[in-house]
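Close look at the chain arrangement
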Number of protein chains: 2
Amino acid sequence: MKIKTTSAFAPASIGNVSVGFDCLGLALEHPGDIVSIEVGNKPGAELIDLQGDKGELPIETEKNVVGVVVQSMLDALKRDDALAIRLLKGLPLQSGMGSSASSSVAAAVAANEFLGKPFTKRELIPFAMEGEELACGAPHVDNVAPALLGGITLIPSHDPLEIISLPYPKNLYCAVVHPDVAVATRDARAVLPESLPRSISVKQSAHLAAFVHALHTNDWELISRSMIDLIAEPKRKDLIPHFNAVKSAALEAGALACGISGSGPTIFALCKGKTSAEEVVVEMGKIYADHEIGNEIYVSKINSKGTQLI
Amino acid sequence: MKIKTTSAFAPASIGNVSVGFDCLGLALEHPGDIVSIEVGNKPGAELIDLQGDKGELPIETEKNVVGVVVQSMLDALKRDDALAIRLLKGLPLQSGMGSSASSSVAAAVAANEFLGKPFTKRELIPFAMEGEELACGAPHVDNVAPALLGGITLIPSHDPLEIISLPYPKNLYCAVVHPDVAVATRDARAVLPESLPRSISVKQSAHLAAFVHALHTNDWELISRSMIDLIAEPKRKDLIPHFNAVKSAALEAGALACGISGSGPTIFALCKGKTSAEEVVVEMGKIYADHEIGNEIYVSKINSKGTQLI
């Protein structure tokens, strides 16, 4: 008898995208996490296999985001199917690339398929957010939404939850460097200012509005000019070694803009076209190589599909 | 001999438009100010006639915004043409409808035509802003830009000055009520919070971004949902008698959204279509009539042309 298995790949995502602190996110094509669901031996969710995390994530079902997400789906459906979960981490942990969101979303999509699609894709968001809450201490949606839906997403409201998929130029690429240094999401939030001068708040919001306009009009120069971060970057950049040098290198190599991915330490740059992104990412990685800091580099188009069954 | 005269009509404008404090504005079709320029008797700008201000504006050239604007244009050109200025105020003073911006912009456009068009329309903005600075104590562009250019304008940056003309549904109308109560711009600014909680700042900016997306996609419901003001309205509404009642009446009568025009006391509502705006404005005006407060009501499409020679 063939054992029924459903698997889903959920991509990395970039939260904030510099100009949209806590309300904007975009999906990369890779790296990503894979979650597989198969028939288990006992009722409920059970995490039976965990790979690629270098032993750093909990294997206990109730402490791992994928276990929490799948169990919460079963609870909502009042079902007690036996679901065995396998998680293959492709994303580096605590990288600021939406690692826990990726696992949560992959788990939700794989389990939903296994259970006969009781939920639409958007209806999976609250379950994925339970995973995020376990991992980050807060129900974050700015990584969950793009990882699930793909593209660039704007979240104007959490209650009720509203997600807007923004348009973007087809040729928009990301150059991404993840240095092997640890910045915990909790630490990265601790340095944020609790309040902002009114003038800064106005500037930041006007730039986000200009960015949305630029996406609608394919205005590359305005994308570049509007990508400022007056909220998180001034505080968080000190947590990331050589941030200024990497940003300068990216811009000099032709990036449209460069900033911190989510809470860091990953740094991303937006680029016009694949060739530009490839040139940019080399220069970004070189800064860390010169300082003998291990790093991974990625070049990716904006992921238009989000999480996919595989 | 026919005396050469150039005249320009500049419309009222709504600053902030609720969701875009200090960075968003839109132009109405009426009311507006008219400025005429003719040959004067002595070198430089001279205000020779002032009507419609109920005696409240200074007639001295150097104290009136139109005199300041025209003289600054002559200074920039290093010319000493004799320019006599006539100002006909159609806009109520200190109404929050961009009264000084309207005068400033009409003066700039009329004088520019008289002088042989040395400046483009956008190049007139710095001169018009000198008028605004005289009137408001700060160089405001969120009324100047829409009054001059028409439409809905977003100002993401003041230095360098950047003005974005946003698209909007053709059928977007404004219902406007100006109650005969005085709110000075300076007083209205004094009640504003100097700083904002980060969470409020994030919400406000995400709503502005959603509003821009809604304008691009003709999404009436999203226009309605995104038009929130967490910065000025909570503080300024107490300066405007019966604000809550007027807002409730507008929304009950079918307005998409309702808020304070600029620094008030004028209250505006966005409406889908002329008929809706006419129904809404009657209900708004009725609140003031019921309380025996004099008021003027206006219904206007978004003005697509801005300031025009007449």
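Residues numbered from 1 in each chain as written. Chains lettered and ligands numbered in written order. Predicted model: local features only at pLDDT ≥ 70, side-chain atom pairs only at ≥ 80, totals over all residues.

**Some details on the packing of helix α9 (residues 243-252) of chain B against helix α10 (residues 274-290) of chain B**
Residues and elements named next belong to chain B.
- Contact geometry of α9 with α10 gives a least axis separation of 8 Å together with a crossing angle of 155°. Considering their axes alone, α9 and α10 lie roughly antiparallel with respect to each other. Handedness of the crossing formed by α9 with α10: right-handed. In this structure, α9 contributes Ala245, Val246, Ala249 and Ala250 to the contact, and α10 contributes Val280, Glu283, Met284, Lys286 and Ile287.
- For the contact of α9 with α10, the class distribution of residues is seven nonpolar, no polar and two charged. (Axes fitted to C-alpha atoms, helices over the stretch in contact; angles between N-to-C directions. Helix = DSSP H or I, 4+ residues; strand = E, 2+ residues; numbered from the N terminus. Parallel < 35°, antiparallel > 145°, perpendicular 65-115°, else oblique. Left-handed = near helix turned anticlockwise from the far one by under 90°. Contact = placed C-beta atoms within 7 Å. Nonpolar A, V, L, I, M, F, W, Y, C, P; charged D, E, K, R; others polar.)

**Focus: the environment of A:Asp142**
- Residue placement: A:Asp142 occurs in the loop between α3 (125-136) and α4 (144-149).
- Filtering out sequence-adjacent residues up to four positions away, A:Asp142 remains in contact with A:Gly15, A:Asn16, A:Asp22, A:Cys23, A:Leu24, A:Gly25 and A:Ile155.

**Focus: helix α6 (residues 198-217) of chain B**
Residue and element names in this part refer to chain B.
- Over its 20 residues, α6 runs 29 Å from end to end, which matches the ideal 28 Å to within 8%, given 1.5 Å per residue.
- The buried fraction of α6 is high, at 15 of 20 residues.
- After α6 finishes, the residue asparagine 218 shows a positive phi value of roughly 50°. (Expected span 1.5 Å × (residues − 1). Buried ≥ 20, exposed ≤ 12 C-beta atoms within 10 Å, placed from the backbone.)

**As for the sheet that holds strand β10 (residues 267-272) of chain B**
Residue and element names in this part refer to chain B.
- The sheet built from four strands is open, its strands ordered β9-β10-β7-β11 with antiparallel pairing. What marks the edges here is a single partner per strand, and that holds for β9 (257-260) and β11 (295-301). Ignoring which end each strand starts from, the neighbouring axes of this sheet average 20° apart.
- In the sheet, strand β7 (residues 172-179) pairs with β10 via six bridges, with the strands oriented antiparallel. Residue pairing in the sheet places alanine 175 in a bridge with alanine 269 of β10.
- Sitting on the sheet, α10 touches β7, β10 and β11, and the angle it makes with β7 is about 15°. (Pairing = 2+ DSSP bridges.)

**A short note on the nonpolar core**
- In this structure, A:Ala175, A:Ala269, B:Ala175 and B:Ala269 are the most contacted members of the largest nonpolar core, which totals 210 residues.
- Those residues within four positions of A:Ala269 in sequence are excluded, and the remaining contacts are A:Cys174, A:Ala175, A:Ala250, A:Ala255, A:Ala257, A:Cys258, A:Val280 and A:Met284. (Core = buried A, V, L, I, M, F, W, Y, C linked by C-beta atoms within 7 Å.)

**A look at the sheet that holds strand β11 (residues 295-301) of chain A**
All names here are of chain A.
- Here four strands make up an open sheet; going across it, the order is β9-β10-β7-β11 and the pairing antiparallel. The sheet is open, and its two borders are formed by β9 (257-260) and β11, each paired with just one other strand. Taken pair by pair, the neighbouring strands of this sheet meet at an average axis angle of 20°, ignoring direction.
- The pairing of β9 with strand β10 (residues 267-272) spans four bridges and is antiparallel. Pairing of isoleucine 260 across the sheet is with isoleucine 267, part of β10.
- Set on the sheet, helix α10 (residues 274-290) makes contact with β7 (172-179), β10 and β11; between it and β7 the angle comes to about 15°.

**Here's the deal with the pairing of β7(A)**
Residue and element names in this part refer to chain A.
- With respect to burial, β7 is a largely interior element, eight of its eight residues being buried.
- The alternating pattern of β7 places Leu172, Cys174, Val176 and His178 on one face and Tyr173, Ala175, Val177 and Pro179 on the opposite face, and all of these are buried.
- Bridging between β7 and β11 involves seven bridges; their strand directions are antiparallel. Bridge pairing links alanine 175 to valine 299 in β11.

**Section: the domain arrangement of chain A**
All names here are of chain A.
- Partitioning chain A into structural domains gives domain 1 (5-166) and domain 2 (172-301).
- Contact with domain 1, which involves 22 residues of that partner, is made by 34 residues of domain 2.
- Residues of the side of domain 1 that touches domain 2, tallied by class, amount to ten nonpolar, eleven polar and one charged. (Domains from an automatic or database assignment.)

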